[in-house]
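Listed here are the chains, written in short residue letters.
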Amino acid sequence: MSGPFRRFPFNGDLDASEQTVPSARPLVQDDVPEAEADDSELLRCQPSALFLLDQAGMLMRIGGNWQGVTGLLPEHVLGRPLHQFLKLPLGSHPRGLYAESGVCEEASIGRGGLSRRVRIVWQRGETWVAGSLEQPGPAAREAYERSEKLRRAEEALEQTIACLGTTLDPVQGQHVMRMTSYATRLGEIYGLDAAGLRSVRWGAALHDVGKARVPQDILNKRGPLSADEFDVVVQHPVWGAEILEKLEFLPDAARQAVLHHHERWDGQGYPAGLVEERIPISARIVMIADVFDALTSDRSYKDAWTPEAAGEFLLRESGRAFDPELVQLFLERVLDLGYLDQDAGNETDS
Ligand SMILES: [Fe+2]
Ligand SMILES: [Fe+2]
């Protein structure tokens, strides 16, 4: 074997004194014979952090650019178990470094919050484990940083949308948060993919943004609306979709949920009078969540209904206002009120 590792003592021939903690030392020493000095110099110049563990996993010797790669001082680590500083992904356990040899791109080394991502390569001998730690390559690091940035941007977007949907007033804010959670759960159970679920979540959060254009005295009016006032209120889905048109990143299905969340299964809803499956699925889901939460909440003009009473209302309107399949899934799987549907069936049978 040639090169810098030619005399690297990885062949298990360390003597007893080298394997005990008091004599644990960096791989590079100043008192090496002249013949070995060149190799020592080469080892010292290794861009990786080199290490040698004993059978118990204790760090016996370290070298190369140990401190540069790990950020850990030799005197703080020698004689201590490597696993105190090194974390491998869960999937690599239980064998970890006790496998014959291995490469792990996702390890991290350090203490507390100061850990660094490293790539670890190791080889096990009879009485030792030797290996090296490297900083991930620029491509891997850039990809990781890019994905982190994207994740943070998506989180910020979610928060912004949730915030935007809850700005009308505190009561509306609570309603939006609850019905968004009902709608998301129903969308999951229906089997929407990640993009579909995001549209439902965002559509639910933003479903009534158009009410910002409805005058407050109409919005807060106790008692029935006049025909003119009603004509104003029914514009809110269209106004909502108009407001959101400027947000280019918003998926079309989210905007459709806002525009069509007052359509009815029988075509008697607004603004377009769409029928059955012509109503986008995001809107059909948002509508059920919206109505259920409105019924089960206190409003200025009514007390909260019980979940059972609201569930019975959804059943009565199933196939008229609401998509029957979604009503069934909502009652059975989201609310755990499937027995309401069975009771209704029994009544019909008798
Ligand atoms: Fe609405
Ligand atoms: Fe609503």
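What you see is a predicted model; the values in this text were computed from it and never measured.

The rules we used
- Residues numbered from 1 in each chain as written.
- Chains lettered and ligands numbered in written order.
- Predicted model: local features only at pLDDT ≥ 70, side-chain atom pairs only at ≥ 80, totals over all residues.
- Buried ≥ 20, exposed ≤ 12 C-beta atoms within 10 Å, placed from the backbone.
- Helix = DSSP H or I, 4+ residues; strand = E, 2+ residues; numbered from the N terminus.
- Pairing = 2+ DSSP bridges.
- pLDDT = per-residue confidence, 0-100.
- Contact = placed C-beta atoms within 7 Å.
- Core = buried A, V, L, I, M, F, W, Y, C linked by C-beta atoms within 7 Å.
- Axes fitted to C-alpha atoms, helices over the stretch in contact; angles between N-to-C directions.
- Parallel < 35°, antiparallel > 145°, perpendicular 65-115°, else oblique.
- Left-handed = near helix turned anticlockwise from the far one by under 90°.
- Nonpolar A, V, L, I, M, F, W, Y, C, P; charged D, E, K, R; others polar.

Trainee: So, the pairing of strand 2 (residues 49–53): which residues are in play, and what are the values?
Mentor: In summary, the side chains of a regular strand alternate between the two faces of the sheet. Most of strand 2 is tucked away: five of the five residues are buried. In strand 2, alternate side chains face the same way, and those of Ala49, Phe51 and Leu53 on one face and Leu50 and Leu52 on the other are all buried. Bridge count between strand 2 and strand 3 (residues 59–64): five bridges; the pairing is antiparallel. Bridged to Leu53 within strand 3 is Leu59. Between strand 2 and strand 3, which pair antiparallel one after the other, the connecting turn spans five residues, and Gly57 there sits at a positive phi close to 85°. Bridge analysis of strand 2 against strand 7 (residues 129–134) gives five bridges, and the strand direction is antiparallel. Along strand 7, the bridge assignment pairs Ala49 with Leu133.

Trainee: So, the confidence of the model for the chain: which residues are in play, and what are the values?
Mentor: Taken over all residues, the pLDDT of the chain has a mean of 84, while the share at 70 or more is 84%. Below pLDDT 50 for its whole length, residues 1–24 participates in 29 contacts with residues either more than four positions away or in separate chains.

Trainee: Any details on the environment of Glu325? Residues and values, ideally.
Mentor: Counting through the fold element by element, Glu325 comes out in helix 13 (residues 324–334). Once the C-alpha coordinates of Glu325 and Tyr190 are considered, the two residues, 135 residues apart in sequence, prove to be 9.1 Å apart.

Trainee: Got a sec to walk through the nonpolar core? Specific residues and values, please.
Mentor: Of all hydrophobic cores here, the largest spans 37 residues; its most connected members are Ala183, Leu186, Val286, Ile288, Ala289, Leu314 and Phe330. The set of elements that each furnish at least two residues to this core consists of helix 5 (170–190), helix 6 (194–205), helix 10 (252–259), helix 11 (281–295), helix 12 (307–316) and helix 13. Of the residues forming this core, the biggest block, seven residues, is contributed by helix 11. Ignoring sequence-local partners within four residues, the contact set of Val286 consists of Ala183, Val200, Gly203, Ala204, His207, Ala257 and His261.

Trainee: Break down the packing of helix 12 against helix 13 for me, with residues and values.
Mentor: When two helices pack together, their arrangement is captured by the angle between the axes and the distance separating the axes. Viewed as axis vectors pointing N to C, helix 12 and helix 13 meet at an angle of 160°, and their least axial separation amounts to 10 Å. Comparing the axis directions of helix 12 and helix 13 gives the class roughly antiparallel. Note on packing geometry: the crossing formed by helix 12 with helix 13 is left-handed. Between helix 12 and helix 13, the residues in contact are Gly311, Leu314 and Leu315 and Val327, Phe330 and Leu331, respectively. Across the contact of helix 12 with helix 13, the residue classes tally to five nonpolar, one polar and no charged.

Trainee: So what's going on with the pairing of strand 5 (residues 101–109)? Residues and values would help.
Mentor: Here strand 4 (residues 86–87) runs beside strand 5; their pairing, made up of two bridges, is antiparallel. By the bridge assignment, Leu86 is partnered in strand 5 with Ile109. Here seven bridges tie strand 5 to strand 6 (residues 116–124), and the two strands are oriented antiparallel to one another. Bridged to Ile109 within strand 6 is Arg116.

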